[in-house]
Amino acid sequence: MSRTITVKDVIIGEGIPKICVSLVGTSLSELKQETEALQLLAPDLVEWRVDYYEQVDDIEAVKEALKLIRAIVPNLPLIFTFRSAKEGGEKHINTEYYIELNKAAAESGLADIIDVELFNEEAEVRGLITVAHVHSVFVILSNHDFNGTPSKDEIIARLCRAQELGGDLPKIAVMPKSAADVLTLLEATHIMKEKYADRPIITMSMAGAGVISRLAGEVFGSALTFGAAHKPSAPGQVAVTELRDVLSLLHRSL
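Residues numbered from 1 in each chain as written. Predicted model: local features only at pLDDT ≥ 70, side-chain atom pairs only at ≥ 80, totals over all residues. Heavy atoms only, no water.

### Quick notes on the environment of Lys103
Line of reasoning, step 1. Tracing the backbone through its elements, the reader meets Lys103 in helix H3 (residues 95-107).
Line of reasoning, step 2. Sequence spacing of Lys103 and Leu128 is 25 residues, and the spatial spacing of their C-alpha atoms is 6.6 Å.
Line of reasoning, step 3. Residues contacting Lys103, with those up to four places away along its chain left out, are Leu128 and Val131. (Helix = DSSP H or I, 4+ residues; strand = E, 2+ residues; numbered from the N terminus. Contact = heavy atoms within 4.5 Å.)

Written out as structure tokens, the structure is:
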């Protein structure tokens, strides 16, 4: 049985999968507008995709934007994510700056969770997790495969690896090329949840074919799903209001 994680009174890994919405504004004014509008949607968590931000190369500017977001949504769990270009993000930065950026977020006292990509050097991953935990910040240890869907065993292996390295929320997102690929992701999620996971996991199959994976987390074992506000941050995201309705319908049926 996977244990739960509680972030600002939001219990991840229990009941209906929690809904996270990503902020993708490129400027401070866009971020302010997005974050204010977000409150009407009442998501469970908010993610700042800092790779979209035009001043991402300036740590102090990033901290100021983080302060702005936190001030508008003080009670929502906030995920800080720089998604690298190699994993579908908007920008490439060097490894040294990636580490510095995530450390700054963890040390700021403003982010509740940082997203660290699994396929970095092990020492760097472990170092970021240590810094985060010292500052009482949780870590999503993630992998995004836009090239296809790995085998069931490989998906499970990556999730187990994220767990072994100390990630609080192992995450994988894959790209389906067929309905069978979506089934592979769902089966791997179920096996991971039932046999190996000792913490909540996050999985999804992207694009249109994979939408079912964003809806059926409570059935197969994914504890969190990403919904779209105005602009999706990944292919296949469903609008928050529709997503909530379907998640609630499935929950009532279980």
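Alright, that's what it looks like, and here's the rest.
### Details of the environment of Ser84
Line of reasoning, step 1. Positionally, Ser84 belongs in the loop between strand S5 (78-81) and H3.
Line of reasoning, step 2. Its relative accessible area of 8% is what places Ser84 among the buried residues.
Line of reasoning, step 3. When neighbours within four sequence positions are excluded, Ser84 is seen to be in contact with Gly89, Lys91 and Glu117. (Buried < 20%, exposed > 50% of the residue type's maximum accessible area, 1.4 Å probe, protein only.)

### Digging into helix H4 (residues 122-134)
Line of reasoning, step 1. Helix length check: H4 (13 residues) gives 18 Å between terminal C-alpha atoms against 18 Å at 1.5 Å per residue, within 8%.
Line of reasoning, step 2. Looking only at H4, the buried set comprises Val125, Leu128, Ile129, Val131 and Ala132. Looking down the long axis of H4, one finds its buried residues gathered within 160 degrees of arc, a one-sided arrangement. For H4, the exposed residues lying more than 90 degrees away from the buried face are Ala123 and Val134. (Expected span 1.5 Å × (residues − 1). Arc of directions from axis to C-beta.)

### Quick word on the layout of surface pockets
Line of reasoning, step 1. In this structure, the largest pocket encloses a volume near 290 Å³.
Line of reasoning, step 2. Gly13, Gly15, Lys193, Glu218 and Gly221 are the residues nearest the centre of the largest pocket, which is lined by 21 residues in total.
Line of reasoning, step 3. Looking at the lining of the largest pocket, the elements with two or more residues in it are helix H6 (179-196) and helix H8 (217-220).
Line of reasoning, step 4. Residues belonging to the lining of the largest pocket are distributed by class as follows: eight nonpolar, eight polar and five charged. (1 Å grid on protein atoms, 1.4 Å probe; cavity = no way out; pocket = protein on both sides within 12 Å on 5 of 7 lines; lining within 4 Å. Points joined across faces, edges and corners; volume = space filled by probe spheres on them. Nonpolar A, V, L, I, M, F, W, Y, C, P; charged D, E, K, R; others polar.)

### A closer look at the UniProt feature "active site" (unreviewed entry) in the protein
Line of reasoning, step 1. The UniProt record annotates "active site" (unreviewed entry) at His144 and Lys171. Sequence-wise these annotated residues cover 28 residues; spatially they are packed, their C-alpha atoms never more than 8.4 Å apart.
Line of reasoning, step 2. Here His144 lies in strand S7 (residues 138-145).
Line of reasoning, step 3. Among the residues examined, His144 registers a relative accessible area of 10% and is labelled buried.
Line of reasoning, step 4. If we ignore the near neighbours within four places in the chain, the residues touching His144 are Arg83, Glu87, Lys171 and Ala173. (UniProt positions renumbered as here; feature names shortened; annotations may be inferred.)

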